[in-house]
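Residue strings, one per chain:
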Amino acid sequence: MKENAKGHLLALFTICVWGTTFIATKVLLKAFTPIEILFMRFLIGYFLLLLMNRQGLSVSNKKQELYFIGAGLTGVTFYFLLENIALTYTYASNVGIIIATAPFFTAILGRMFLKEEKLKTGFFVGFLTSITGIILISIHGSSAFSLNPKGDILAFLAAFVWACYSVLVKKIGSFGISTIQSTRHIFFYGILFMIIPVFLMGFEWKLERFSNPIYLGNMLFLGVGASALCFVTWNLAVKLLGAVRTAVYLYLSPVVTILASAIILGEKITVISVIGAGLVFAGLLLSDKGKGKN
């Protein structure tokens, strides 16, 4: 029970941080391209994790190394690139709703490959309840909402690869390697696979931009907090709770976003948003109870 509570707190903490990253990203986009932000934040995260644990990592066989390669490719490189590119083709509201389907994909993959969770009706009722709440939060007050096949498909792919990442991380958690070491190794492969997009998408260092303390502070927040710290806490939550139970916390991300918008940006919280948030919480509870053991 103690480990279970710890896992829930870690997942909740992670989502609270990840739900506010849009503010830092929005500030940085004034001077940096999306690929520059992505590459720099994970580079900072990698070196911080290296400072926290300098011990070398050795895996027992090549199969285990393939899990790390897959996790770096899906959770770091593919997920963020697909999400960012999707935003250039479709509305942010579309992406927010579609990304929230990641727990559903995680549940299916987790059941198929990990035999981890037996899904009950409550899980699917919770999923539909949360998605309804997220739709209310995402499209309320937006006059621009429509299907955009190219961007929407990319967003679905992003949700799917995050589900793949969650399942891979759960498997990695059984290797007996410390979470900091395993996360650092995942970052290594994520950065490695990011090198080609970096060259293709016009990456520039221009470190003088960090003379602006606002840019420096926001990049450090993304690199230290949202990347190094939160990937460790998320991966540890997956290790303690399982891929599916941790994934359902992704439903809360839009709720955290509207609260952060109200507190930091002074944006108004509407009645529809409150109703949507209530549905998200209800769906989270239903989803968590709608799973059983084998």
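Here the structure is a predicted model, which means the values were calculated and not measured.

Peer 1: So what exactly am I meant to see when it comes to the nonpolar core here?
Peer 2: One broad trend across soluble globular proteins is that nonpolar side chains are buried collectively. Counting residues in hydrophobic clusters, the biggest one holds 82 residues, and the most contacted among them are Phe42, Trp162 and Trp234. It is helix H10 (residues 213-241) that contributes the most residues to this core, 11 residues altogether. Contact partners of Trp234, with chain neighbours within four places excluded, come to Ala11, Thr14, Ile15, Trp18, Trp162, Tyr165, Ser166, Thr246, Ala247, Tyr249 and Leu250.

Peer 1: Looking at this model, I keep getting lost on a positive patch on the surface. Mind explaining?
Peer 2: Together, Arg111, Lys115, Lys118 and Lys120 give the surface a local cluster of positive charge. Structurally, Lys115 can be placed in the loop between helix H6 (102-114) and strand E1 (118-119).

Peer 1: Looking at this structure, how should I read the confidence of the model for the chain?
Peer 2: Caution applies to low-pLDDT parts of the model: their predicted coordinates are not meant to be read in detail. Mean pLDDT over the chain stands at 86; residues scoring 70 or higher make up 94%. Here strand E2 (residues 291-292) stands out as the least confident element of the chain, with mean pLDDT 55; H10 is the most confident, with 95.

Peer 1: Could you clarify how one ought to interpret the packing of aromatic side chains in this entry?
Peer 2: The geometry of an aromatic ring pair is captured by two quantities: the separation of the ring centres and the angle between the planes. Applying the stated criterion across every chain yields a total of 30 aromatic pairs. Judged by centre distance (5.0 Å) and plane angle (80°), the rings of Phe42 and Phe187 are edge-to-face. Of the two residues, Phe42 is situated in helix H3 (residues 34-52) and Phe187 in helix H9 (residues 179-200); the sequence distance between them amounts to 145 residues. Its relative accessible area of 0% is what places Phe187 among the buried residues. Plain terms: the ring middles of Tyr165 and Phe231 are 6.1 Å apart, the flat faces sit at 65° to each other, and that makes the pair edge-to-face. Taken together, the positions of Tyr165 in helix H8 (residues 149-172) and Phe231 in helix H10 put the pair 66 residues apart, joining distant regions of the chain. The exposure class assigned to Phe231 is buried, which follows from its relative accessible area of 0%. Here the aromatic residues Trp18, Phe42, Tyr79, Phe80, Trp162, Tyr165, Phe187, Phe231 and Trp234 are joined through ring pairs into a cluster of three or more.

Cut-off values and rules
- Residues numbered from 1 in each chain as written.
- Predicted model: local features only at pLDDT ≥ 70, side-chain atom pairs only at ≥ 80, totals over all residues.
- Heavy atoms only, no water.
- Core = buried A, V, L, I, M, F, W, Y, C linked by side-chain atoms within 4.5 Å.
- Buried < 20%, exposed > 50% of the residue type's maximum accessible area, 1.4 Å probe, protein only.
- Helix = DSSP H or I, 4+ residues; strand = E, 2+ residues; numbered from the N terminus.
- Contact = heavy atoms within 4.5 Å.
- Patch = residues over 30% accessible without salt bridge, like charges linked within 9 Å, V, L, I, M, F, W, Y side chains within 5 Å.
- Areas by Shrake-Rupley, 256 points an atom, 1.4 Å probe, with all protein chains shown as cover.
- Salt bridge = Lys/Arg side-chain N within 4 Å of Asp/Glu carboxyl O.
- Lys, Arg positive; Asp, Glu negative; His and termini not counted.
- Charge placed at Lys NZ, Arg CZ, Asp CG, Glu CD.
- pLDDT = per-residue confidence, 0-100.
- Phe/Tyr/Trp six-rings, centres within 6.5 Å; stacked < 30°, edge-to-face > 60°.

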